[in-house]
Amino acid sequence: MTPVRYAMVGGGEGAFIGPVHRTAAAIAGNCRLVAGALSADADKAARSGAAIGLPADRSYASYPAMLDGERALPEGERAEFIAIVTPNHMHAPVAEAALEAGFPVLCDKPLGDTLEAAIRIQAAAERTGGLVGVTHTYLGYPMVRQARDLVAGGSLGAVRRVAVRYTQGWLSKAEDARGKQAEWRTDPARSGVGGAFGDIGVHAFNLVEYVCGQSMRKISADIAAVVPGRVLDDDGAALFHLDGGARGTLVASQICAGDANGLSLSVWCEEGGVHWRQEQPDQLALARRQGPVETWSAGSDRGYLGAAAAAAVRLPAGHPEGYLEAFGNIYRDFALAVRGQAPDQPAYASLAQGVAGNRFVQAAYDSSQANGAWIDMESVR
């Protein structure tokens, strides 16, 4: 099929995630960037557009100007979806405007800076019938998808216990918050309700629900701003119950000095457990109750992989694929969905999963403020 045309809001000079999205779209192979409003600063937006080769007339000074400009173009030339890579506080305004203008939206996580903002996006999507996807990166990893298949397959029995941990050390000192990426993430006006829990805890939550195929029902959390002077949380942990009866623990911290991107997940069932680490993304351990530990590996020549995992692999075993390739799977599948060809298990998170992520963050804060009281997730509105 011809490449699906997309436009980007945010991701200009000095941005981290914007270039990641653009590289991922290039890896996907079925997307083409045609327009952008890459910064809220008009001069920076123009420089950023020129730097990545956007034509001057498709490099806009603001996202409203971009939406108006793209809508005015013939249907075969305008952008077919909008990628949102701004700080969190702009997700809802841009998404609502894009949906009202008739554009599907692929939004970086979390869906909103608050639960209320996420619900506004949901309402706009329902009102307009527009498609919304959320870039929860780890759903695009082949061995995460294989873990889901193994748990769902039934041979391991019911899920009994889950442990997910996401630890980083890049904000372990007060001075670490001075860079552009850290500055907005530690500012409630731009980050929203969540610090570490909103930034990486929401990934851990999403991973649990995806692999287990269950919803988180109750949570008891202890969240804190450990570094003196910091307003938003930088460290926290929670106990949780899944609706299938299993219990679990979730840790999300950005003050674990020495840790880089320590995301790991273990799911123990009646007959064994599956174990995955993001820093070794192409391997999955399967430890049965009786028998040796099995190491499953990603690779296009691995005939034992399920369909969902195999669809996320591009290279033979031994050629590591990771973060960018997972993001590429998200862009590939969303572009297919825009053209009405969405796969059965897309690599992007759904609108409902995005709202659930914001509900998790809010429930965790409600619980922590109530000294760890158990919060029923469905009661959080």
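Worth saying up front: this structure is predicted, and the values here are computed from it rather than measured. (Residues numbered from 1 in each chain as written. Predicted model: local features only at pLDDT ≥ 70, side-chain atom pairs only at ≥ 80, totals over all residues. Heavy atoms only, no water.)

## Concerning the overall build of the chain
A count of helices and strands for the chain gives 12 helices and 15 strands. Relative to its length of 381 residues, the chain is compact, with a C-alpha radius of gyration of 20 Å against a globular reference of 21 Å. Viewed in the frame of its principal axes, the chain has a C-alpha envelope of about 65 × 50 × 40 Å. A burial count over the chain gives 55% of its 381 residues as buried. Residue pairs at least 24 apart in sequence account for 68% of intrachain contacts in the chain once pairs closer than 6 positions are excluded. Here the chain displays about 15,200 Å² of accessible surface, and carbon together with sulfur accounts for 50% of that area. When the 34 positive and 41 negative side-chain charges of the chain are each reduced to one mean point, those points stand 2 Å apart. (Helix = DSSP H or I, 4+ residues; strand = E, 2+ residues; numbered from the N terminus. Rg over C-alpha atoms; globule rule 2.2 N^0.38 Å. Buried < 20%, exposed > 50% of the residue type's maximum accessible area, 1.4 Å probe, protein only. Contact = heavy atoms within 4.5 Å. Areas by Shrake-Rupley, 256 points an atom, 1.4 Å probe, with all protein chains shown as cover. Lys, Arg positive; Asp, Glu negative; His and termini not counted. Charge placed at Lys NZ, Arg CZ, Asp CG, Glu CD.)

## Thoughts on the sheet that holds strand β4 (residues 105-108)
The 6 strands lie next to each other as β2-β1-β3-β4-β5-β14, forming an open sheet whose pairing is mixed. Edge positions in the sheet fall to β2 (31-37) and β14 (349-350), since each has one partner strand and no second. Pairing of β4 with strand β5 (residues 132-135) involves 4 bridges; the strand directions are parallel. The residue of β5 that forms the bridge with Cys107 is Val134. With respect to the sheet, helix α3 (residues 63-71) is in contact with β1 (4-9), β2 and β3 (81-84), its orientation differing from that of β2 by roughly 125°. (Pairing = 2+ DSSP bridges. Axes fitted to C-alpha atoms, helices over the stretch in contact; angles between N-to-C directions.)

## With respect to the sheet that holds strand β8 (residues 235-242)
Pairing in this open sheet of 9 strands is mixed, and the strands run β13-β12-β11-β10-β6-β9-β8-β7-β15 from one edge to the other. With partners counted over all chains shown, the strands left at the sheet margins are β13 (293-297) and β15 (375-376), one partner each. One ladder, built from 8 bridges, connects strand β6 (residues 159-167) with strand β10 (residues 262-269); its direction is antiparallel. The partner of Arg165 across the bridge, within β10, is Ser264. Each of β6, β10, β11 (272-277), β12 (283-288) and β13 touches helix α6 (residues 142-153); the most contacted strand, β12, lies at about 25° to it. Of the strands in this sheet, β7 (216-224), β9 (247-253) and β15 touch helix α12 (residues 351-369), which is tilted by about 60° from β7.

## Focus: the pairing of β13
Summarising the sheet, β12 and β13 pair through 5 bridges and their orientation is antiparallel. Looking at the pairing, Leu286 lines up with Glu294 of β13. What sits between the antiparallel neighbours β12 and β13 is a turn of 4 residues, in which Gly291 has the positive phi angle 120°.

## Some words on the pattern of salt bridges
In total, this model carries 16 salt bridges according to the counting rule given. Linking Arg127 and Glu100 is a salt bridge whose minimum nitrogen-to-oxygen distance equals 2.5 Å. Pair noted here: Arg127 is in helix α5 (residues 115-128) and Glu100 is in helix α4 (residues 91-100), with a separation of 27 residues, a long-range link. Classification of Glu100 by relative accessible area gives partly exposed; the value is 43%. We note a salt bridge from Arg230 to Asp234, for which the minimum N-O separation is 3.0 Å. Each member of the pair, Arg230 together with Asp234, is buried. A network of salt bridges, in which partner residues are shared, links Arg5, Glu80 and Arg339. (Salt bridge = Lys/Arg side-chain N within 4 Å of Asp/Glu carboxyl O.)

## Side note on the packing of helix α9 (residues 196-212) against α12
Running from amino to carboxyl end, α9 crosses α12 at an angle of 120°, the nearest separation of the two axes being 9 Å. When the axis of α9 is compared with that of α12, the two are oblique. Here the hand of the crossing between α9 and α12 comes out right-handed. Contact residues: α9 offers Phe197, Gly198, Gly201, Val202, Phe205, Asn206 and Glu209, while α12 offers Gln353, Ala356, Gly357, Phe360, Val361, Ala364 and Tyr365. Within the contact of α9 with α12, the residues separate by chemical class into 8 nonpolar, 5 polar and 1 charged. (Parallel < 35°, antiparallel > 145°, perpendicular 65-115°, else oblique. Left-handed = near helix turned anticlockwise from the far one by under 90°. Nonpolar A, V, L, I, M, F, W, Y, C, P; charged D, E, K, R; others polar.)

## Some points on the side chain of Asp233
Its location among the elements puts Asp233 in the loop between β7 and β8. Apart from residues lying up to four places away in sequence, Asp233 is in contact with Gly194, Gly195, Ala196, Phe197, Ile223, Ala224, Ala225 and Tyr365.

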